[in-house]
Amino acid sequence: MARANDWASKVMALVNGGNASAAIAQIKVAPSVKDLKALQTIMTLSKMKGRHPNVDAAIEENLALLAAPRLHRSP
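Overview of the structure.

Concerning helix α1 (residues 6-16)
Right, so step 1: Of the positions making up α1, those classed as buried are Trp7, Ala8, Val11, Met12 and Val15. In an axial view of α1, the angular spread of the buried residues amounts to 130 degrees, which keeps them on one side of the axis. Residues of α1 that are exposed and angled more than 90 degrees away from the buried face: Lys10 and Asn16.
Right, so step 2: Packed against the buried residues of α1 are α2 (20-28), α3 (33-45) and α4 (53-67).
Right, so step 3: Remark: glycine 18 follows α1 within two positions and exhibits a positive phi of approximately 90 degrees.

Structure (structure tokens):
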């Protein structure tokens, strides 16, 4: 059974509430690429993309970081 994506909706509530710095902090510790893409989709559908350029940049940066292959493995 698929679990609902609560993380993206909670971060979106932070953005809508005007607390962009808390949203960016949550984006930096995002659980997965899937969650970040869900947040990006929600922002696009709700026409919030572009209103908060710092949040948009944080999403893009962390998508790139999570999608990139790791340079080394942990011991």
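Here we look at the environment of aspartate 35
Right, so step 1: With respect to the element layout, aspartate 35 can be found in helix α3.
Right, so step 2: Since its relative accessible area comes to 3%, aspartate 35 is described here as buried.
Right, so step 3: The spatial distance from the C-alpha of aspartate 35 to the C-alpha of serine 9 is 9.8 Å, given a sequence separation of 26 residues.

Comments concerning the packing of α1 against α2
Right, so step 1: Viewed as axis vectors pointing N to C, α1 and α2 meet at an angle of 155 degrees, and their least axial separation amounts to 7 Å. Judged on the interaxial angle alone, α2 and α1 are roughly antiparallel. At the point where α1 passes α2, the crossing takes the left-handed sense. Mapping the contact onto sequence places Trp7, Val11, Leu14 and Val15 in α1 and Ala20, Ala22, Ala23, Gln26 and Ile27 in α2.
Right, so step 2: Considered class by class, the residues forming the contact of α1 with α2 number 8 nonpolar, 1 polar and no charged.

Remarks on α4
Right, so step 1: With 15 residues, α4 extends 21 Å from end C-alpha to end C-alpha; this agrees with the ideal 21 Å at 1.5 Å per step.
Right, so step 2: Every buried residue of α4 is listed here: Val55, Asp56, Ala58, Ile59, Asn62 and Leu63. Buried residues of α4 fall within an arc of 160 degrees about the axis and therefore sit on the same side. Residues of α4 that are exposed and point over 90 degrees away from its buried face: Pro53, Asn54, Glu61 and Leu65.

Reading the values: the criteria
Residues numbered from 1 in each chain as written. Predicted model: local features only at pLDDT ≥ 70, side-chain atom pairs only at ≥ 80, totals over all residues. Heavy atoms only, no water. Buried < 20%, exposed > 50% of the residue type's maximum accessible area, 1.4 Å probe, protein only. Helix = DSSP H or I, 4+ residues; strand = E, 2+ residues; numbered from the N terminus. Arc of directions from axis to C-beta. Contact = heavy atoms within 4.5 Å. Axes fitted to C-alpha atoms, helices over the stretch in contact; angles between N-to-C directions. Parallel < 35°, antiparallel > 145°, perpendicular 65-115°, else oblique. Left-handed = near helix turned anticlockwise from the far one by under 90°. Nonpolar A, V, L, I, M, F, W, Y, C, P; charged D, E, K, R; others polar. Expected span 1.5 Å × (residues − 1).

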